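One letter stands for each residue in the lines below.
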Amino acid sequence: MLPERFIERVSCDLGEAEGRALCEALDTPSPVAVRLHPTKVGTACGLLNELSASLPALTFDRPIPWSPQGWYLTERPSFTFDTDFHAGAYYVQEPSSQLVGHLLRNVETRGARILDMCAAPGGKTTLYASMVGADGLVVANEIDRRRAAVLADNVRKWGTGNVAVTVCEPRSLGDCEGWFDVVAVDAPCSGEGMFRKDPDARAEWSEANVHLCARRQDEILREAWRALWPGGTLIYSTCTFNREEDEGSLERMLAWAGDEAEPSDEVPVDAAWGIVCGTVGPFRTYRFYPHRACGEGFFAAVARKAGPAEGIRRNRLSKSKARRSVVASADRQATAEAARWLLEPERMQFVMAADTLYAWYGPQAETVRMLSERVPVIYSGVALGQLFKGRLKPDPALAFCTELNRAALPIAELNAEQALRYLRRQEVEASAFVEGMNLVCARGRALGFAKRIGARVNNLYPASLRIITN
Ligand code: SAM
């Protein structure tokens, strides 16, 4: 049952017929969609038969028109038992939320610094990571420590090596003033757009919570604006329908931001997509209603911070150190060992944090270092592993990384049954492995590492990722 007060409000806001159509749509099944990993699946897989051969567990229906790597599926498969899901070949992502990539199509995102202020579990973070490339950086922040751990797992699995995961209050990132080219606020909200997907969202909804969320959004937007450099782009989004958290949040922000906000370049939106476009001052707004568009309820808005159209971004953070540096440059021996494991090590800088060796892409390495002196960074770049007597014991994250040099170690290609045993951290047959460390693959995609010692195989798949259902 939908909350009474919600039904009353939407029929008042949208008119009786449209309000009823929305409520009826909220009782229909949600579309199922994925976003493909452009490197692991390959953009060449545009043809349906090639795609189906590449990802046989998925039944592709049609592309999502506003998302170049997005596809609707005809049905929901058991993602848990698809090894390609575990290899990070695709992300299961609701179609409406994939719009944020389209909203940035006129923004120079290659090489950009994007701050994803409310990032867990990482749907949009992984989308931005694919957009900024190796020269760019996504700072993915999550205030909730438990959710941040899930975010970090998803970032590892996506394997682009250009994300730093932070756990802090928005204010700490606001203090990185004028530092980001794009700031995305996918705000915590009352979740009305999730009413058909998630029964708990209906049960937890209340008008009091709408007001509470709106106040929280105001605070987050203030910090987001501070973090944005003049000329940069702000994307605000929620998965709720009410004005107070959507247009209202923008209006309250404009009351203090004033002329500092200006319109961003228009992006094409085909009327057939069913998205309701509008404006709030300089913000362009985009609304998904499930009875009009094929996706969940979603609201997004974009504006620019007034400033030069290009180029005077500050490349360095101011030096004020709030925390002690927790990273040290790797020595020559560690660097040489690390280089063996990567396709293009000359693009990387290597650092030690605690006992783990990390690789950071060169252009953003200084940025990540300075970030880690200001806020808690729980994951960054690519965790390569730990060194024992000069040899690397690879971190599970390295298996997922698109930069892994597969010539660095033997590959154990497992069949589906053995691969699922591996993903459950059960024993696997030794016959596919050679003595020592192996890269474990299924259908050619890397899942992790395992070490054969005689007749035994030591399963090194991380406990936090293991399949626990039967
Ligand atoms: N962007 C994510 C994605 O695409 O997968 C979804 C983000 S979800 C809508 C909002 C997130 O904001 C939640 O993970 C929540 O824990 C976090 N959050 C809650 N309160 C917050 C606050 N005061 N400041 C920043 N983030 C907050």
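Shown above is the structure to which this text applies.
Quick look at the side chain of N154 now. Note that N154 resides in helix α8 (residues 145–158). Classification of N154 by relative accessible area gives buried; the value is 19%.

Right, let's get into the sheet that holds strand β1 (residues 32–36). What the four strands build is an open sheet, ordered β2-β3-β1-β4; its pairing is antiparallel. Only two strands of the sheet have a single neighbouring strand rather than two, namely β2 (60–63) and β4 (90–92). Strand-to-strand twist of the sheet, defined as the mean angle between neighbouring strand axes without regard to direction, takes the value 35°. In terms of strand pairing, β1 meets strand β3 (residues 70–73) through four bridges, oriented antiparallel. Paired with R35 across the strands is G70, a residue of β3.

Before going further, it helps to examine the site of the ligand. Around the ligand sit 16 residues in total, of which C118, G123, E142, R147 and D186 are the nearest. Within the side chain of K124, a nitrogen or oxygen atom sits 3.1 Å from an oxygen atom of the ligand. Here the ligand, which alone exposes 600 Å², has 83% of that area covered by the protein. Put simply, the parts of the chain that give the shell around the ligand at least two residues each are α7 (123–132) and α11 (207–227). Across the shell around the ligand, the residue classes tally to nine nonpolar, two polar and five charged.

In the structure shown here, the tally under the stated rule is two cavities of 30 Å³ or more. The calculated volume of the largest cavity comes to roughly 60 Å³. Taken together, G136, L137, G161, N162, V163, W360, Y361, Q364, A365, V368 and G381 make up the lining of the largest cavity. At the level of secondary structure, the elements contributing two or more residues to the lining of the largest cavity comprise β16 (356–361) and α14 (362–372). Ranked by the residues each element gives to the lining of the largest cavity, the list is headed by α14, at three residues. Of the volumes computed, that of the second largest cavity is approximately 40 Å³. Forming the boundary of the second largest cavity are V155, R156, G159, T160, G161, Y379, G381, V382, A397 and C401.

At a minimum axis distance of 10 Å, the contact between α11 and helix α12 (residues 247–257) shows a crossing angle of 45°. Taken as axis vectors, α11 and α12 run oblique relative to one another. Every pair of crossing elements has a handedness; the one defined by α11 and α12 is right-handed. Of α12, the residues touching α11 (which contributes A214, Q217, D218, L221, R222 and W225) are S249, R252, M253, W256 and A257.

This brings us to the packing of aromatic side chains. Going through the model one piece at a time under the given rule, you end up with 16 aromatic pairs. Ring geometry for W179 and F180: centres 5.0 Å apart, planes at 80°, overall edge-to-face. Among the aromatic residues, ring-to-ring pairing joins F6, F195, W205, F241 and Y289 into one connected group. We note R62 situated over the ring of Y72; from NZ or CZ to the ring centre the distance is 4.1 Å. In this structure, K157 is placed above the aromatic ring of F85, and the distance from its NZ or CZ to the ring centre is 4.7 Å.

A few words on the packing of helix α1 (residues 4–14) against helix α2 (residues 16–25). For any two helices packed against each other, the geometry comes down to the angle between their axes and how far apart the axes lie. Where α1 meets α2, the closest approach of the two axes is 6 Å, and the angle between their N-to-C directions is 135°. Comparing their axes, α2 and α1 come out oblique. Crossing angle aside, the handedness with which α1 passes α2 is right-handed. Every residue of α2 that contacts α1 at F6, I7, V10, S11 and L14 is listed here: E16, E18, G19, L22 and C23.

With that out of the way, let us pick up the sheet that holds strand β18 (residues 382–388). Ordered by their spatial adjacency, five strands build an open sheet running β14-β15-β16-β18-β19, and the pairing between neighbours is antiparallel. Edge strands, defined here as strands with exactly one partner in the open sheet, are β14 (327–329) and β19 (391–394). In this sheet, adjacent strand axes meet at a mean angle of 40° when their direction is disregarded. By the bridge criterion, four bridges tie β18 to β19 in an arrangement that is antiparallel. Note that in β19 the partner of Q386 across the bridge is K393.

Before going further, it helps to examine the pairing of β19. With burial as the criterion, only one face of β19 is covered, namely that bearing L392 and P394; the residues R391 and K393 on the opposite face remain uncovered. Where β18 folds back on β19, the antiparallel hairpin that results is connected by two residues, among which K389 adopts a positive phi of roughly 50°.

This part covers unusual backbone geometry. At the junction of A120 and P121, the peptide bond is cis and its omega measures out at 10° in the coordinates. Although it is not a glycine, R425 adopts a positive phi angle of roughly 65°. Looking at where R425 falls in the secondary structure, it is placed in the loop between α16 (416–423) and β21 (436–442).

Cut-off values and rules
Residues numbered from 1 in each chain as written. Predicted model: local features only at pLDDT ≥ 70, side-chain atom pairs only at ≥ 80, totals over all residues. Heavy atoms only, no water. Helix = DSSP H or I, 4+ residues; strand = E, 2+ residues; numbered from the N terminus. Buried < 20%, exposed > 50% of the residue type's maximum accessible area, 1.4 Å probe, protein only. Pairing = 2+ DSSP bridges. Axes fitted to C-alpha atoms, helices over the stretch in contact; angles between N-to-C directions. Near = heavy atom within 4 Å. Polar contact = N/O pair within 3.5 Å; in protein donor to acceptor, adjacent residues only side chain to side chain. Areas by Shrake-Rupley, 256 points an atom, 1.4 Å probe, with all protein chains shown as cover. Nonpolar A, V, L, I, M, F, W, Y, C, P; charged D, E, K, R; others polar. 1 Å grid on protein atoms, 1.4 Å probe; cavity = no way out; pocket = protein on both sides within 12 Å on 5 of 7 lines; lining within 4 Å. Points joined across faces, edges and corners; volume = space filled by probe spheres on them. Parallel < 35°, antiparallel > 145°, perpendicular 65-115°, else oblique. Left-handed = near helix turned anticlockwise from the far one by under 90°. Contact = heavy atoms within 4.5 Å. Phe/Tyr/Trp six-rings, centres within 6.5 Å; stacked < 30°, edge-to-face > 60°. Lys NZ or Arg CZ within 6 Å of the ring centre and 35° of its normal.

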